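Structure at a glance
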Amino acid sequence: FFAFLQNQNSFQSKINITFELSRQSTVEIIIFDISGNVVKNLVKTNKPKGIHSVYWDGLNNNGDEISSGAYLQILKVNKKKYVDKMLLLK
């Protein structure tokens, strides 16, 4: 079981993505633009049960600042996917 703990739908340049796991799980967080392109691979690791927070500085995989707009954060926990929308406002 998993739950997003952060309901922040908009941010200005940085965001913490917070979630809770009810058991140890393999976690992967990927940020996509609305066209479906990967913007940033944030984490891919094993996490223990509990509350976790992953910081994203608004940079893409190349280290460049991304532009304002809508993005999707995909959280994969074991083999399940969870999607949350967010809006970058600069």
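In this report, the structure presented in the accompanying data block is examined. (Residues numbered from 1 in each chain as written. Predicted model: local features only at pLDDT ≥ 70, side-chain atom pairs only at ≥ 80, totals over all residues. Heavy atoms only, no water.)

1. With respect to the overall build of the protein chain
To keep things clear, this is the line we draw: By the criteria applied, helices consist of DSSP H or I runs no shorter than four residues and strands consist of E runs no shorter than two, each listed in order from the N terminus. Any pair of residues with heavy atoms lying within 4.5 Å of one another is described as a contacting pair. Here the Shrake-Rupley method, with its probe set to 1.4 Å, supplies the accessible areas, and only the displayed protein chains count as covering residues.
A count of helical and extended segments in the protein chain gives 0 helices and 8 strands. Counting helices and strands in the order they occur from the N terminus, the protein chain gives β-β-β-β-β-β-β-β. Contacts in the protein chain between residues far apart in sequence, at least 24 positions, make up 50% of those at least 6 positions apart. Put simply, the protein chain shows about 5,500 Å² of open surface, and 48% of that area lies on carbon and sulfur atoms.

2. Digging into the pattern of salt bridges
As a reminder, the rule being used: Any Lys or Arg side-chain nitrogen located within 4 Å of an Asp or Glu carboxyl oxygen qualifies as a salt bridge. Only protein chains enter the accessibility calculation, which uses a 1.4 Å probe. A residue is then buried if its area is under 20% of the maximum for its type, exposed if over 50%, and partly exposed in between.
Using the criterion set out here, one finds 1 salt bridge in the structure. Of the charged contacts in the structure, one is a salt bridge between K76 and E28, with a shortest N-O distance of 4.0 Å. Of this pair, K76 sits in strand β7 (residues 69-77) while E28 sits in strand β4 (residues 25-33), placing them 48 residues apart in sequence. For K76, a relative accessible area of 25% corresponds to the partly exposed category. Residue E28 is classed as buried on the basis of its relative accessible area of 17%.

3. Quick notes on the side chain of K47
Put simply, the rule reads: In this tally, Lys and Arg are treated as positive and Asp and Glu as negative; His is ignored, and so are the chain termini.
If you trace the backbone, K47 turns up in strand β5 (residues 38-47). The buried charged residue K47 lacks any salt bridge partner; its closest oppositely charged side chain belongs to E28, at an N-O distance of 13 Å. If near-sequence neighbours (up to four positions away) are discounted, K47 is found in contact with L21, R23, Q24, S25, V27 and H52.

4. Some words on the environment of P48
Among the secondary structure elements, P48 is positioned in the loop between β5 and β6 (50-56). Of the residues examined, P48 reaches a relative accessible area of 46% and is grouped as partly exposed. Taking the C-alpha atoms as reference points, P48 and L21, separated by 27 residues in sequence, lie 7.4 Å from one another. Sequence-distant contacts of P48, that is, excluding residues within four places in its chain, are made with L21, R23 and Q24.

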